[in-house]
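# A structural walkthrough
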Amino acid sequence: MKRYERLNAILELLAEDSKLDVDTAAPRLGVSEATIRRDLEYLAEQQLLTRTHGGAVANSTSYDLPLRFKSSRHPQEKQRIAQAAAALVPAGGIIGVNGGTTSTETARAIGARADLTPSQADGVALTLVTNALNIAYELTVRSHIKIVVTGGVARSSSYELTGPLASEMLDQLHLDVALLGVDGIDPELGAMTHNEGEATINRLLADRARTVIVLADSTKLGKRAFARIRPIERVDTLVTDDRADPELIKRFTAAGVRVVIA
């Protein structure tokens, strides 16, 4: 197991149990106790946990992990979801994308679509509106895609811009499709995220779109987070992976959501 994978695993164990003992973590991750101690010290320096005698405890119950620590979680599932979601985007459309690992993969997949050809009028094949700095940075080199970035204050954990400046700009736009990465989606409560500031901007992004597509790997189905982005009856499509619980899929379908399995 590579170090970044081990750090992710430690944070996930903390997210599950809120505390972690060195002597328990070492055999579970297949490394020495000394290695676990070094990892815990590093994560404590990043303010992602609090060291205790013999282990560590989580800093918060919501546990909103920084994007750089999320990037290796379920990568194959996220790439399949990204390909399936990118195929739903109409050529020549105006697309909104929020931040997150699955959203980032989807933006990459959109950028790589061979059928997106520049129009003769302005050389643009598609317009992508985002409040995620990393997505804007990556796709700026795609000259056939017009990138529009909201204003706002950047969150270091997700690279998303939030606040009144982002809200004011989005309020002036119209989108064909909003692609939303989430921290959880529940068949009764809808799409959710850990941070209320991100939820506000993501909600507005969805409100400005004719079609809302939620991107969520199977581990996020049935999960709830602190702030709601969108009630389930206002989600048009859910794109997830083939490990999704069939009973949950039935509940989403019964709620009127089209489910695409990648």
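In the block above lies the structure referred to throughout.
### Re the packing of helix 5 (residues 75–86) against helix 6 (residues 101–111)
- It is at 8 Å that the axes of helix 5 and helix 6 come closest, and there the two elements cross at 50°. Put simply, helix 5 runs oblique to helix 6. Crossing of helix 5 over helix 6 shows right-handed handedness. Of helix 6, the residues touching helix 5 (which contributes K78, Q79, I81, A82, Q83, A85 and A86) are T101, T102, E105, T106, A109 and I110.
- Of the residues contributing to the contact of helix 5 with helix 6, the split by class is six nonpolar, five polar and two charged.

### Observations regarding the nonpolar core
- Counting 30 residues, the largest nonpolar core has V182, I185, V214, A216, L221, L238 and F252 as its most contacted members.
- Elements with a minimum of two residues in this core: helix 8 (164–170), strand 9 (175–181), helix 9 (196–207), strand 12 (209–215), strand 13 (227–230) and helix 10 (246–254).
- With residues up to four places along the chain from it excluded, the contact list for F252 reads I185, D186, P187, L221, G222, I232, L238, V257 and V259.
- Grouped together as the second largest cluster of nonpolar side chains are 25 residues, A107, A125, L139 and V177 included.

### Things to note about the packing of helix 2 (residues 22–29) against helix 3 (residues 33–45)
- Contact pair helix 2 / helix 3: the axes reach a minimum separation of 9 Å and the direction vectors enclose 110°. Between helix 2 and helix 3, the crossing angle belongs to the class labelled roughly perpendicular. The residues of helix 3 that touch helix 2, namely those facing V22, D23, A25, A26 and L29, are E33, I36, R37 and L40.
- Partitioned by chemical class, the residues of the contact of helix 2 with helix 3 number six nonpolar, no polar and three charged.

### Here's the deal with the pairing of strand 2 (residues 49–52)
- Pairing geometry for strand 2 and strand 3 (residues 55–58), over four bridges, is antiparallel. Each bridged residue has a counterpart across the sheet, and for T52 the counterpart in strand 3 is G55.
- Linkage of strand 2 to strand 3, two consecutive antiparallel strands, is achieved through a turn of two residues, within which G54 is found at a positive phi near 90°.

### Structural notes on the pattern of salt bridges
- Counted by the stated rule, this structure contains 17 salt bridges.
- Across the pair R80 and D242 runs a salt bridge, and its minimum N-O distance is 3.1 Å. Highlighted residues: R80 in helix 5 and D242 in the loop between strand 14 (237–240) and helix 10, separated in sequence by 162 residues.
- Note on D242: relative accessible area 52%, which makes it exposed.

### Notes on the side chain of D39
- Inspection of the secondary structure puts D39 in helix 3.
- A relative accessible area of 2% means that D39 is categorised as buried.
- Not counting the four nearest positions on each side in its chain, D39 is found in contact with R3, R6, L7 and I10.

### Describing the sheet that holds strand 3
- Taken in spatial order, the three strands of this open sheet run 1-3-2, and their pairing is antiparallel. Single-partner strands in this sheet number two, and they are strand 1 (19–21) and strand 2. For this sheet, the mean inter-axis angle between neighbouring strands, taken without regard to orientation, is 20°.
- Bridging between strand 1 and strand 3 involves three bridges; their strand directions are antiparallel. Note that in strand 3 the partner of D21 across the bridge is G55.
- Contacts from helix 2 reach strand 1 and strand 3, with the element oriented near 80° to strand 1.
- Against the sheet, helix 3 touches strand 2 and strand 3, its axis set at about 135° to strand 2.

### Focus on the environment of G190
- Take G190: it is sitting in strand 11 (residues 190–193).
- On the accessibility criterion, G190 (0% relative accessible area) is buried.
- G190 sits 181 residues away from A9 along the chain, and the two C-alpha atoms are 27 Å apart.
- When neighbours within four sequence positions are excluded, G190 is seen to be in contact with G184, I185, R230, P231 and I232.

Conventions and cut-offs
- Residues numbered from 1 in each chain as written.
- Predicted model: local features only at pLDDT ≥ 70, side-chain atom pairs only at ≥ 80, totals over all residues.
- Heavy atoms only, no water.
- Axes fitted to C-alpha atoms, helices over the stretch in contact; angles between N-to-C directions.
- Helix = DSSP H or I, 4+ residues; strand = E, 2+ residues; numbered from the N terminus.
- Parallel < 35°, antiparallel > 145°, perpendicular 65-115°, else oblique.
- Left-handed = near helix turned anticlockwise from the far one by under 90°.
- Contact = heavy atoms within 4.5 Å.
- Nonpolar A, V, L, I, M, F, W, Y, C, P; charged D, E, K, R; others polar.
- Core = buried A, V, L, I, M, F, W, Y, C linked by side-chain atoms within 4.5 Å.
- Buried < 20%, exposed > 50% of the residue type's maximum accessible area, 1.4 Å probe, protein only.
- Pairing = 2+ DSSP bridges.
- Salt bridge = Lys/Arg side-chain N within 4 Å of Asp/Glu carboxyl O.

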